[in-house]
Amino acid sequence: MDFSQVLQKHAALLGRVAATYEANFHLRQELLQEISLAVWQALEKFKGDSSVKTYVLRVAHNKAITHVAYHAKQPRNDSYCEVETPHPSQQTSSDVQIAQQQQIQKMLKEIRKMPIQTRQVVTMSMEGLSYSEIADACGISGSNAGVILNRARKVLMESIKHV
């Protein structure tokens, strides 16, 4: 399997996974590099038991969990002062696009507050994976994936109502 093709096909997906785990733009870029390296290393072990997308997501989530755990143990470093993505000049963006970006940022902020396993399930669901694919990637049952997702949806809906 060709890494460059896999990376090209799933680059946006990997970027979204990184965004659900890391709010800091610079650390998110670092995480994305770590995920890409992990996918490259893991591809030779791919046995075809699942789709490539599911396998890549599993590798990405595992690397993201390691990243979060490592950075949680580190003292806070304010040299990475920018928390959110630097925005290009918004003068060219319409008000609707700006409002949509703000909604996405709020949702990502709420998703980042969730426990790791819930984040995994929510992110995979947002990427269009079925309950059984989510279950395979996370090592849980399909019904458990459904329960986790429904609870997460309720939390997200409540947080949206309060904004």
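What you see is a predicted model; the values in this text were computed from it and never measured.

A. Looking closely at the overall build of the protein chain. In terms of regular secondary structure, the protein chain is built from seven helices and zero strands. Along the protein chain, helices (α) and strands (β) appear in the sequence α-α-α-α-α-α-α when read from the amino end. Expressed as a percentage of its 163 residues, the buried residues of the protein chain come to 36%. Put simply, 70% of the contacts in the protein chain that link residues at least 6 apart link residues at least 24 apart. In the structure as shown, the protein chain presents an accessible area of about 10,000 Å², 54% of it carried by carbon and sulfur atoms.

B. The arrangement of helix α5 (residues 116–126) in detail. For α5, every residue scored as buried is listed here: Thr 118, Arg 119, Gln 120, Val 121, Val 122, Thr 123 and Met 124. Buried positions along α5 lie against α1 (3–21), α3 (52–73), α4 (95–113), α6 (131–138) and α7 (142–161). The first or second residue beyond α5 is Gly 128, which carries a positive phi of 90 degrees.

C. Main features of the confidence of the model for the protein chain. Per-residue pLDDT for the protein chain averages 85, and the proportion of residues at 70 or more is 88%. Considering each helix and strand of the protein chain separately, the mean pLDDT is smallest for α4, with a value of 84, and largest for helix α2 (residues 25–42), with 94. Contacts for the low-pLDDT stretch residues 80–85, under 50 throughout, to residues beyond four places or in other chains number 17 contacts.

D. Structural context of the side chain of Ser 36. Of note, Ser 36 is situated in helix α2. You can call Ser 36 buried: its relative accessible area is 16%. The residues contacting Ser 36, other than those within four sequence positions of it, are Phe 3 and Leu 7.

E. Representation of the environment of Met 114 in the model. Summarising the element assignment, Met 114 is placed in the loop between α4 and α5. C-alpha of Met 114 to C-alpha of Ala 152: the two residues are 38 residues apart in sequence and 8.0 Å apart in space.

F. Looking closely at the environment of Leu 37. Note on placement: Leu 37 falls in helix α2. Judged by its relative accessible area of 45%, Leu 37 falls in the partly exposed class.

G. Quick peek at the side chain of Glu 22. Structurally, the position occupied by Glu 22 is in the loop between α1 and α2. No salt bridge is formed by the buried Glu 22; the nearest opposite charge belongs to Arg 28, separated by 6.7 Å. Once residues within four sequence positions are removed from consideration, Glu 22 is found in contact with Leu 27, Arg 28, Leu 31, His 67 and Arg 112.

The rules behind the values
Going along each chain's sequence as written, the residues are numbered from 1 onward. This being a predicted model, a pLDDT of at least 70 is required before a residue's local features are given, and a value of 80 or more before pairs of side-chain atoms are given or counted; all residues contribute to the totals for chains, interfaces and linings. In computing side-chain properties, one takes all heavy atoms of the structure into account and sets aside hydrogens as well as water. Numbering of helices and strands runs from the N terminus; a helix is a DSSP stretch of H or I covering at least four residues, while a strand is a stretch of E covering at least two. Burial classes: relative accessible area under 20% of the type maximum marks a residue as buried, over 50% as exposed, and values in between as partly exposed (1.4 Å probe, protein chains only). What makes two residues a contact is simply this: any of their non-hydrogen atoms within 4.5 Å. Calculation of accessible area relied on Shrake-Rupley with a 1.4 Å probe; when residues are assessed, cover is drawn exclusively from the protein chains displayed. pLDDT is a per-residue confidence score from the predictor, ranging from 0 to 100. Think of it this way: Lys and Arg go in the positive column, Asp and Glu in the negative one, and His and the chain ends go nowhere. The salt bridge definition used is simple: a Lys or Arg side-chain nitrogen within 4 Å of an Asp or Glu carboxyl oxygen.

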